[in-house]
Amino acid sequence: MAQKTDVKIQAVHQKLDDIQLYINGQFVDGEAGTTFENVNPFTNDVINQVAEGRREDIDKAVTAAKKAFDEGPWGSMKLKERMTYIDRIADLIDEEIEEIAILESLDTGLPISQTRKMTARAAENFRFYSRMVQSIHYESYPVDNEFINYTVYKPLGVVGLITPWNSPLMLSTWKVAPALATGNTVILKPAELAPLTANKLAAIIDKAGLPEGVFNVVHGFGETAGASLVAHPDVAAISFTGETVTGSTIIKNAADNLKKTSMELGGKSPLIVFDDADLDRALDAAVWGIFSFNGERCTANSRVFLHKNIKDKFIEALKQRVQNIRIGDPMDPSTQLGPLIDKGHYNKVTGYIELAKEEGCEVFQGEVPEDVKAGNFVPPTLLLNARNDMRVCQEEIFGPVMAVIEFETEEEVIRMANDVKYGLAGYVWTNDIKRGHRVAQAVDAGMLWVNAQNVRDLRIPFGGTKYSGIGREGGHYAILEFYTEPKVIHVSISDHHIPQFGK
Ligand code: NAD
């Protein structure tokens with residue numbers, strides 16, 4: 001079957017049992033009985049068949065989730081008890097990190113050294129929200145000696161979570177953990193290109209003993225299963241992570257029944273290196289920031305702006321790194337870059353590399369080893385002599401491709417960094433503390449890092465501005481601003497004046 005590129009490979013590429021939907025505490029086939037193929041990005045062999053959910057399966061899942069919310073014990077159980085379930089999910093993920101990481105690498109082509117960490121992070125997401133929900137305090141507004149007004153935050157009901165294929169488990173747990181911890185019931189619609197770990201999560205939640213209907217997984221395509229979830233009148237909110245165009249479609253469809261939405265969308269994030277920066281650390285961060293997760297990373301620094309005084313030196317160092325990045329089998333612990341998710345995405349990314357040549361870039365790439373050519377590999381790629389107004393600098397490529405742009409002044413680089421429709425993340429490298437803050441505050445993006453790679457603090461508001469998203473999740477933002485509805489209760493503590501009409 002698959003090629004083994006290194007003796008250190010610990011897992012093999014294999015066929016797996018077919019997977020089903022998880023509805024009302026049961027693994028079931030889709031009502032229509034149809035399935036779709038799940039393909040391994042390293043071999044392009046079929047891994048298994050996946051039950052295809054459609055409108056009728058979404059209807060079934062929503063009915064179960066609504067019943068679990070309205071009549072079940074989940075929302076009304078004591079907080080501590082609900083959190084023991086959430087902590088148990090975290091423990092069960094931790095117990096199976098290796099198996100889950102293998103599934104994730106098999107499904108996505110992400111290197112196992114990275115999926116192990118992502119899986120540990122998925123467990124931490126549950127623990128974090130268990131702690132966070134227990135520590136949230138509400139407001140009260142005393143009004144003279146007449147009233148006390150106080151807020152409570154109520155779960156929304158049934159929430160729909162629609163997730164992408166890059167880092168599927170970790171990204172879905174950013175949503176599943178706060179949604180469940182706050183007492184909602186959930187329908188997860190995972191990406192059709194990477195469905196395996198969603199079923200693993202369902203199996204874990206089943207083992208953790210959550211009441212039936214509280215958590216459901218419906219596989220299927222965006223236009224059918226996803227759209228039906230968005231359109232369903234009993235679904236109170238949709239949290240979506242994915243492409244900007246899909247997000248826009250979902251907002252339009254959700255408008256019909258005034259559904260609450262949260263949008264985590266695409267990016268084209270700048271990394272700016274001034275000539276006084278610690279160049280070694282900036283280099284490490286720039287290379288990791290674009291080539292980790294196979295370049296399929298929403299916060300990737302796909303545009304790197306180099307000050308003209310250090311540009312040549314920095315590019316030489318980048319070229320060396322690009323040639324040395326270890327490309328190979330995602331199951332090999334020494335692999336740093338694996339294959340892209342599927343042939344369609346491979347064609348998109350390689351199409352952009354051809355476009356870069358037409359637009360006048362010099363393309364510099366690493367080399368894909370002969371023995372892994374069955375996979376969807378794109379080598380680490382630098383687009384040199386790029387200009388910010390080129391399409392390859394304006395559009396999200398979502399692969400291991402970094403455009404390199406020269407700048408001279410602070411004003412110029414801020415203008416270029418902001419001259420793009422996206423606004424997800426940004427990175428500034430300088431040893432001038434005032435400039436670091438100044439530039440970080442001037443770049444239009446939801447998340448900026450100064451002299452740092454993308455280290456994620458789970459407490460921060462995560463999300464973007466412009467075409468990169470609407471709203472924030474993460475930290476208490478997910479709890480107070482998305483997965484709950486604030487309600488204010490006004491209580492009179494005196495005989496305040498009430499007009500006596502008609503007396
Ligand atoms: P995608 O938009 O193609 O698909 C995401 C999900 O939406 C899938 O589950 C898909 O089935 C579903 N979907 C598609 N059409 C739908 C519709 N009409 N109604 C309802 N659901 C629908 O995205 P993708 O290709 O899976 O993921 C890559 C994209 O995700 C990139 O643009 C990346 O930047 C973005 N992303 C953003 C973040 C963030 O936090 N901002 C994180 C990760 C990925």
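Residues numbered from 1 in each chain as written. Predicted model: local features only at pLDDT ≥ 70, side-chain atom pairs only at ≥ 80, totals over all residues. Heavy atoms only, no water.

Visitor: Explain the pairing of strand E3 (residues 35-39) residue by residue, including any values.
Guide: Taken together, the 5 bridges between E3 and strand E4 (residues 46-51) define a ladder with antiparallel strand orientation. Opposite Asn 38, over in E4, you have Asn 48 as the bridge partner. Between E3 and E4, which follow one another and run antiparallel, lie 6 residues, and Asn 44 among them has a positive phi close to 60°. (Pairing = 2+ DSSP bridges. Helix = DSSP H or I, 4+ residues; strand = E, 2+ residues; numbered from the N terminus.)

Visitor: So what about helix H10 (residues 311-324)? Which residues, and what values?
Guide: Helix length check: H10, at 14 residues, gives a terminal C-alpha distance of 20 Å against a target of 20 Å (1.5 Å per residue), a fit within 8%. Along H10, the positions that sit buried rather than exposed are Lys 311, Phe 314, Ile 315, Leu 318, Lys 319 and Val 322. Buried residues of H10, seen end-on, are gathered within an arc of 140° and therefore sit on one face of the element. With respect to the buried face of H10, the exposed residues turned more than 90 degrees away are Lys 313, Gln 320, Gln 323 and Asn 324. Against strand E12 (270-273), helix H9 (279-291), strand E13 (303-307), strand E14 (362-365), strand E15 (381-384) and strand E16 (401-407) lie the buried residues of H10. (Expected span 1.5 Å × (residues − 1). Buried < 20%, exposed > 50% of the residue type's maximum accessible area, 1.4 Å probe, protein only. Arc of directions from axis to C-beta. Contact = heavy atoms within 4.5 Å.)

Visitor: Residues and numbers for the packing of aromatic side chains, please.
Guide: Summed over the entire model, instances satisfying the criterion amount to 13 aromatic pairs. With 6.1 Å between their ring centres and 85° between their planes, Phe 42 and Phe 377 make a pair best called edge-to-face. Pair noted here: Phe 42 is in the loop between E3 and E4 and Phe 377 is in the loop between E14 and E15, with a separation of 335 residues, a long-range link. Plain terms: the ring middles of Phe 128 and Tyr 129 are 4.9 Å apart, the flat faces sit at 90° to each other, and that makes the pair edge-to-face. On the accessibility criterion, Phe 128 (8% relative accessible area) is buried. Taken together, the ring pairs in this structure connect Tyr 22, Phe 27 and Phe 215 into an aromatic cluster. The aromatic ring of Trp 174 is capped on one face by Arg 456, whose charged end is 4.3 Å from the ring centroid. (Phe/Tyr/Trp six-rings, centres within 6.5 Å; stacked < 30°, edge-to-face > 60°. Lys NZ or Arg CZ within 6 Å of the ring centre and 35° of its normal.)

Visitor: Provide a residue-level description of the sheet that holds E15, including the pertinent values.
Guide: Read across the open sheet, the 7 strands follow the order E14-E15-E16-E13-E12-E18-E19; overall the sheet is mixed. The open sheet terminates on both sides in strands that have one partner only, identified here as E14 and strand E19 (447-450). Between one strand axis and the next, the sheet turns by 20° as a mean value, whatever way the strands run. Two elements, E15 and E16, share 3 bridges in a ladder whose sense is parallel. Bridging across to E16, Thr 381 finds its partner in Val 401. (Axes fitted to C-alpha atoms, helices over the stretch in contact; angles between N-to-C directions.)

Visitor: Can you explain the pairing of strand E7 (residues 158-162)? Please cite residues and give values.
Guide: With 5 of 5 residues buried, E7 is to be regarded as a mostly interior element. Of the two faces of E7, the one holding Val 158, Gly 160 and Ile 162 and the one holding Val 159 and Leu 161 are both buried throughout. As paired elements, E7 and strand E8 (residues 185-189) share 5 bridges and run parallel to each other. The partner of Val 158 across the bridge, within E8, is Thr 185. In this view, the connection linking E7 to its parallel neighbour E8 by way of helix H5 (residues 168-181) has right-handed handedness. (Right-handed = clockwise from strand over helix to strand, strands pointing away.)

Visitor: Give me a nonpolar patch on the surface: which residues, what numbers.
Guide: On the surface, Ile 148, Tyr 150, Val 491 and Ile 493 cluster together to form a nonpolar patch covering roughly 300 Å² of accessible area. Take Val 491: it is sitting in strand E22 (residues 484-492). We classify Val 491 as partly exposed; its relative accessible area is 33%. (Patch = residues over 30% accessible without salt bridge, like charges linked within 9 Å, V, L, I, M, F, W, Y side chains within 5 Å. Areas by Shrake-Rupley, 256 points an atom, 1.4 Å probe, with all protein chains shown as cover. Salt bridge = Lys/Arg side-chain N within 4 Å of Asp/Glu carboxyl O.)

Visitor: Requested: an account of the site of the ligand, with residues and values cited.
Guide: In the vicinity of the ligand, 28 residues are found, and the nearest of them are Lys 189, Glu 192, Thr 246, Leu 265 and Glu 396. One of the backbone N or O atoms of Gly 222 is found 3.3 Å from an oxygen atom in the ligand. The contact in question runs from an oxygen atom of the ligand to an N or O atom on the backbone of Glu 243, over 2.9 Å. Alone, the ligand offers 860 Å² of accessible surface; in the complex the protein occludes 92% of this. Within the residue set of the shell around the ligand, elements represented by two or more residues are helix H7 (222-231), strand E10 (237-241) and helix H8 (244-255). (Near = heavy atom within 4 Å. Polar contact = N/O pair within 3.5 Å; in protein donor to acceptor, adjacent residues only side chain to side chain.)

Visitor: So, the state of the cysteines: which residues are in play, and what are the values?
Guide: If you walk through the whole model with that rule in mind, you get 0 disulfides. With no disulfide of its own, Cys 393 lies closest to Cys 361 among cysteine sulfurs, the gap being 6.1 Å. (Disulfide = S-S within 2.5 Å.)

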